[in-house]
Amino acid sequence: MRLGVANNATETGKAKGLIEFASVTKAYGSSKAVDAINLKIPASTYCCLLGPSGCGKTTSLRMLAGHEIATSGDILLDNIDVTDLAPAKRGTAMMFQSYALFPHLTVAENVAFSLKMKGVSKPERLEKARTMLKVVELEKFADRLPSQLSGGQQQRVALARALITQPSALLLDEPLSALDPFLRIRVRGELKRLQKNLGISFVHVTHSQDEALALADLVVLMNNGRIEQQGTAGDVFNRPRTAFVTRFVGGHNVIDLGDRAIAVRQDRVSLAHGETEATASSRFVNVAGIEFAGTGYSVQVKDDRGGEMTAMVTEQTFLSQPFEEGERATLSWAPSDAHQLEGGAH
Ligand SMILES: Nc1ncnc2c1ncn2[C@@H]1O[C@H](COP(=O)(O)OP(=O)(O)OP(=O)(O)O)[C@@H](O)[C@H]1O
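Every value quoted in this text rests on a predicted model; they were computed, and no experiment measured them.

A. Region of interest: the overall build of the protein chain. Within the protein chain, the secondary structure is distributed over nine helices and 18 strands. Based on the C-alpha atoms only, the size of the protein chain along its principal axes is roughly 80 × 45 × 40 Å. Counting every position in the protein chain, which comprises 346 residues, the buried fraction comes to 48%. Here the analysis covers contacts within the protein chain between residues at least 6 apart in sequence; of these, 66% occur between residues at least 24 apart. With the model as given, the accessible surface of the protein chain reaches about 16300 Å², and the carbon-plus-sulfur share is 50%. The average position of the 38 basic charges and that of the 38 acidic charges among the side chains of the protein chain differ by 10 Å.

Below, the structure is given as structure tokens:
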């Protein structure tokens, strides 16, 4: 299945959705849900706001949508200051976590709903709704009720409903959380293609690092109301700036060297039986746990200072001489695989 419109708006120079947060803060009483963030999202970008629960992702999205008013700072969309504009005047459209469709309206009427609110005549709005349903490949379902559609189809109706206003930026709050894992992977591919074809920006809030790494041109990782790191998925995964980013994105060990901390990918550390040579790039450890991880084994180890690390060992290496819980081992890494972190191991 392939969603999208015929031409690629990025290539035809019609890219929209340049978003800027300039020192934007949202305070509730004395606590800051979002703390002076600066962020520039280029036009036609798939941006994922990522981070743990309560870090300020949804509040940032809601300020961009106009559903929350920033306490201070400015928000610009396509070079227009939208900080004080009403949601419907901003050029944004929001797709919510629970994409609740009106159960008594047909698919086409659901999609056309916002145009009805704007006073667009019935024939015109139904015509536009059908065009939008084509974009999400649901034109055959126009006259059905939402209850007669699958979860994934209902979600595409919600997408069409948001896109009918022709926004410069589509804002999505955990859009895949209600879908089963298989459908989630399929729909995320469709979202990405749709974004590229429309040439607008999508800003997608997620808890899931996998989702952000798979989808985003720009990953923005938030922590405690602030932006901890922003960059391409490859940048954030391979060059995490801090221990927080390293742990959140996963797949790496944070190794405390006393005066500084480094990150080393779990598939780049080696594990040997017993205590071998002590070097600046090795640690004596105890094997604390072993899990089969499909393509290999994930071996959890603990060093003598209590530092916990994981070594991904290939199936072949593991099975030739298996590790056992409680045994002494040596974990080592090539200095060229070590990545320096700012601000220590915690
Ligand atoms: N209306 C409100 N009044 C007071 N505090 C709020 C309000 N809305 C959000 N907060 C607080 O602001 C912080 C950020 O909330 P936000 O919903 O933006 O986080 P989030 O990263 O989207 O979290 P989640 O992933 O759990 O949805 C949280 O500590 C939250 O409790």
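What follows picks up the thread again.
B. Representation of the site of the ligand in the model. Taken together, the neighbourhood of the ligand is formed by Tyr28, Ala33, Pro52, Ser53, Gly54, Cys55, Gly56, Lys57, Thr58, Thr59 and His207. The contact in question runs from an oxygen atom of the ligand to an N or O atom on the side chain of Ser53, over 2.6 Å. Residue Thr59 places a side-chain N or O atom 2.5 Å away from an oxygen atom belonging to the ligand. Notes on the ligand: free accessible area 630 Å², of which the protein chains cover 55%. A per-element tally of the shell around the ligand places helix H1 (residues 57-65) first, with three residues. In terms of residue class, the shell around the ligand is made up of four nonpolar, six polar and one charged.

C. Broad picture of the sheet that holds strand S14 (residues 282-292). Sheet architecture is open: five strands sit in the order S13-S17-S14-S15-S16, paired in antiparallel fashion. Single-partner strands in this sheet number two, and they are strand S13 (270-273) and strand S16 (308-314). Direction aside, neighbouring strands of the sheet carry axes that sit 45 degrees apart on average. In the sheet, S13 pairs with strand S17 (residues 328-332) via four bridges, with the strands oriented antiparallel. By the bridge assignment, Leu271 is partnered in S17 with Leu331.

D. Structural view of the packing of helix H2 (residues 107-117) against helix H4 (residues 151-163). Between H2 and H4, whose axes approach to 7 Å, the crossing angle comes to 30 degrees. The orientation of H2 with respect to H4, classified from their angle, is roughly parallel. Where H2 crosses over H4, the two elements pack in a sense that is right-handed. Here Val107, Asn110 and Val111 of H2 come into contact with H4, specifically with Val157, Ala160 and Arg161.

E. Looking closely at unusual backbone geometry. Within the chain, Ser44 stands out as a residue other than glycine whose phi angle is a positive 55 degrees. In this structure, Ser44 sits in the loop between strand S2 (31-41) and strand S3 (46-50). Even without a glycine there, the phi angle at Asp78 is positive, about 50 degrees. Note on Asp78: relative accessible area 26%, which makes it partly exposed.

Rules of the game
Residues numbered from 1 in each chain as written. Predicted model: local features only at pLDDT ≥ 70, side-chain atom pairs only at ≥ 80, totals over all residues. Heavy atoms only, no water. Helix = DSSP H or I, 4+ residues; strand = E, 2+ residues; numbered from the N terminus. Buried < 20%, exposed > 50% of the residue type's maximum accessible area, 1.4 Å probe, protein only. Contact = heavy atoms within 4.5 Å. Areas by Shrake-Rupley, 256 points an atom, 1.4 Å probe, with all protein chains shown as cover. Lys, Arg positive; Asp, Glu negative; His and termini not counted. Charge placed at Lys NZ, Arg CZ, Asp CG, Glu CD. Near = heavy atom within 4 Å. Polar contact = N/O pair within 3.5 Å; in protein donor to acceptor, adjacent residues only side chain to side chain. Nonpolar A, V, L, I, M, F, W, Y, C, P; charged D, E, K, R; others polar. Pairing = 2+ DSSP bridges. Axes fitted to C-alpha atoms, helices over the stretch in contact; angles between N-to-C directions. Parallel < 35°, antiparallel > 145°, perpendicular 65-115°, else oblique. Left-handed = near helix turned anticlockwise from the far one by under 90°.

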